[in-house]
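An overview of the molecular structure
What follows is each chain in one-letter form.
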Amino acid sequence: MKKAESRTNGKFPLIPKLLATSFGFGFLPVAPGTWGAIFAIILWLPLFLLAPRDVVFWVTVAATVVYAIAGTWASGISERYWGKDPVIACADETVGQWISLLPMSWLPISYWWEIFVSLALFRFFDIFKPLGIRSLEKLPGGYGMMADDILSGIYSAFLLIILNIIIIH
């Protein structure tokens with residue numbers, strides 16, 4: 001299949017394409033899922049650096065919920081054009097990375113290097129899919145695409161909290 005349009009005999013609509021690919025980050029070469037997670041950090045970092053912690057937390061929660069809904073919808077559409085769970089559809093990685101970053105917005109001390117730890121943990125869980133993550137991929141369409149990354153983000157956030165408890169004590 002050389003063209004995305006060949007699966008549906010039509011052109012992929014722009015809005016779902018932008019949402020599914022994290023506004024084009026999924027088209028970047030090599031490791032589109034990592035680019036989707038980096039996109040999340042790029043959007044989140046100015047908020048983290050400039051806003052009060054409670055604002056960071058609630059804006060991150062709101063963005064995660066809204067993009068999880070929109071990304072699930074758009075990812076489902078992407079499967080019609082690009083096949084089952086296409087790698088360039090990385091909205092799920094963006095959502096999962098935001099979940100992984102959530103603890104940094106309310107922990108008493110957060111170190112800048114924890115952003116990289118958060119990314120590494122999230123990508124580990126997303127790639128290797130241990131602890132029941134893989135089973136969520138079996139959900140239909142965009143739900144399966146999004147659910148495994150949400151759980152990967154939750155596991156990553158949990159480990160980031162444990163890491164902070166160890167560092168503080």
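Below, the structure is looked at part by part. Model, not experiment: these values are computed from the prediction.

As a further point, take helix 4 (residues 91-101). Of all 11 residues that make up helix 4, 11 are buried, and the element is covered over most of its length. If you follow the buried residues of helix 4, they end up packed against helix 1 (14-20), helix 2 (32-50), helix 3 (53-82), helix 5 (114-128) and helix 7 (141-168).

In this structure, Trp-44, Tyr-67, Val-95, Trp-98, Leu-101, Met-104 and Ile-115 are the most contacted members of the largest nonpolar core, which totals 26 residues. For this core, the secondary-structure elements that each account for two or more residues are helix 1, helix 2, helix 3, helix 4, helix 5 and helix 7. Setting aside residues up to four positions removed in sequence, Ile-115 forms contacts with Ile-41, Trp-44, Leu-45, Leu-101 and Met-104.

Once that is clear, we can look at helix 2. If you check helix 2, its first and last C-alpha atoms are 28 Å apart, about what 19 residues at 1.5 Å a residue would give, namely 27 Å. The sharpest bend along helix 2 comes to roughly 35 degrees, located at Trp-44, with the proline Pro-46 sitting one to four residues further on. Of all the positions in helix 2, only Pro-32, Gly-33, Gly-36, Ala-37, Phe-39, Ala-40, Ile-41, Trp-44 and Phe-48 are classed as buried. Packing partners of the buried residues in helix 2 comprise helix 3, helix 4 and helix 5.

Time to look at unusual backbone geometry. In this structure, Phe-23 takes a positive phi of about 55 degrees despite not being glycine. Mapping Phe-23 onto the fold places it in the loop between helix 1 and helix 2. The phi torsion at Asp-85 lies on the positive side, around 45 degrees, for a residue other than glycine. The topology assignment puts Asp-85 in the loop between helix 3 and helix 4.

Where helix 2 contacts helix 3, the axes come no closer than 8 Å and their chain directions differ by 155 degrees. It follows that helix 2 is roughly antiparallel to helix 3 by the angle criterion. Where helix 2 crosses over helix 3, the two elements pack in a sense that is right-handed. Side by side, helix 2 and helix 3 meet where Trp-44, Leu-47 and Phe-48 of the first sit next to Arg-53, Val-55, Val-56, Val-59 and Thr-60 of the second. Class assignment for the residues of the contact of helix 2 with helix 3 results in 6 nonpolar, 1 polar and 1 charged.

A separate point is a nonpolar patch on the surface. Taken together, the side chains of Ile-109, Tyr-111, Trp-112, Trp-113, Phe-116, Ile-167 and Ile-168 make up a nonpolar region of the molecular surface, amounting to roughly 690 Å² of accessible area. A relative accessible area of 40% means that Ile-168 is categorised as partly exposed.

Calculation criteria
- Residues numbered from 1 in each chain as written.
- Predicted model: local features only at pLDDT ≥ 70, side-chain atom pairs only at ≥ 80, totals over all residues.
- Heavy atoms only, no water.
- Buried < 20%, exposed > 50% of the residue type's maximum accessible area, 1.4 Å probe, protein only.
- Helix = DSSP H or I, 4+ residues; strand = E, 2+ residues; numbered from the N terminus.
- Contact = heavy atoms within 4.5 Å.
- Core = buried A, V, L, I, M, F, W, Y, C linked by side-chain atoms within 4.5 Å.
- Expected span 1.5 Å × (residues − 1).
- Bend = angle between axes of the 7 residues up to and from the residue.
- Axes fitted to C-alpha atoms, helices over the stretch in contact; angles between N-to-C directions.
- Parallel < 35°, antiparallel > 145°, perpendicular 65-115°, else oblique.
- Left-handed = near helix turned anticlockwise from the far one by under 90°.
- Nonpolar A, V, L, I, M, F, W, Y, C, P; charged D, E, K, R; others polar.
- Patch = residues over 30% accessible without salt bridge, like charges linked within 9 Å, V, L, I, M, F, W, Y side chains within 5 Å.
- Areas by Shrake-Rupley, 256 points an atom, 1.4 Å probe, with all protein chains shown as cover.
- Salt bridge = Lys/Arg side-chain N within 4 Å of Asp/Glu carboxyl O.

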